[in-house]
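# Report on the structure
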Amino acid sequence: MPNTADQRVHPGYEAYVQVPYRSGVAAVVRRMAVLNLDLSPSMFVVQGDEVQLRQVQVGAEDGSDVQIVSGIRPGEQYVLVGNENLASGERVRVTGDLGPLGGKSG
């Protein structure tokens, strides 16, 4: 950044700044729920008593979590475990809250 007009900022000074950042609505999901993460990321989303395979766009990654910027909305339920053997349109039954293993985007 250029110095102030009166040159009051000297080398060695420390400054704290806030940078406003605005992001569109994105969901955060468990990394293991995303199939083909590096090639063609997709997820199974629960709709009623069926699952639907959706292509998703991955944003930031943080260890065991990933940001999904499109393809799933916050609050939608998704399949976390056993998703490798599913097909779109298969019937499923949500059994209850699985705590940290629960598949609900946030």
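Since the structure is predicted, the reported quantities are computational estimates derived from the model, not experimental observations.

For N36, which is not glycine, the phi torsion reads 50° and is therefore positive. Within the element layout of this structure, N36 appears in the loop between strand 1 (27-30) and strand 2 (42-47).

The next subject is the nonpolar core. In this structure, V29, V34, M43, I68, I72 and Y78 are the most contacted members of the largest nonpolar core, which totals 13 residues. Among the secondary structure elements, those contributing two or more residues to this core are strand 1, strand 2 and strand 5 (65-70). If you look at the next biggest cluster of nonpolar residues, it comprises five residues, including F44, V46, V51 and V79.

So, about the pairing of strand 3 (residues 50-55). Note: strand 2 against strand 3, six bridges, orientation antiparallel. The residue bridging V45 from the neighbouring strand is Q52, located in strand 3. Hairpin geometry of strand 2 and strand 3 is characterised by an intervening segment of two residues between the two adjacent antiparallel strands and by a positive phi of about 70° at G48.

With that settled, consider the pairing of strand 5. Here strand 1 pairs with strand 5 via four bridges, running antiparallel. By the bridge assignment, V28 is partnered in strand 5 with Q67. Summarising the sheet, strand 4 (residues 57-62) and strand 5 pair through four bridges and their orientation is antiparallel. Across the sheet, the residue bridging to D62 is D65, located in strand 5. As consecutive antiparallel partners, strand 4 and strand 5 are separated by two residues, and within that stretch G63 has a phi angle of approximately 65°, a positive value.

Scoring rules and cut-offs
Residues numbered from 1 in each chain as written. Predicted model: local features only at pLDDT ≥ 70, side-chain atom pairs only at ≥ 80, totals over all residues. Heavy atoms only, no water. Helix = DSSP H or I, 4+ residues; strand = E, 2+ residues; numbered from the N terminus. Core = buried A, V, L, I, M, F, W, Y, C linked by side-chain atoms within 4.5 Å. Buried < 20%, exposed > 50% of the residue type's maximum accessible area, 1.4 Å probe, protein only. Pairing = 2+ DSSP bridges.

Everything listed is a geometric property; what it means functionally is a separate question.
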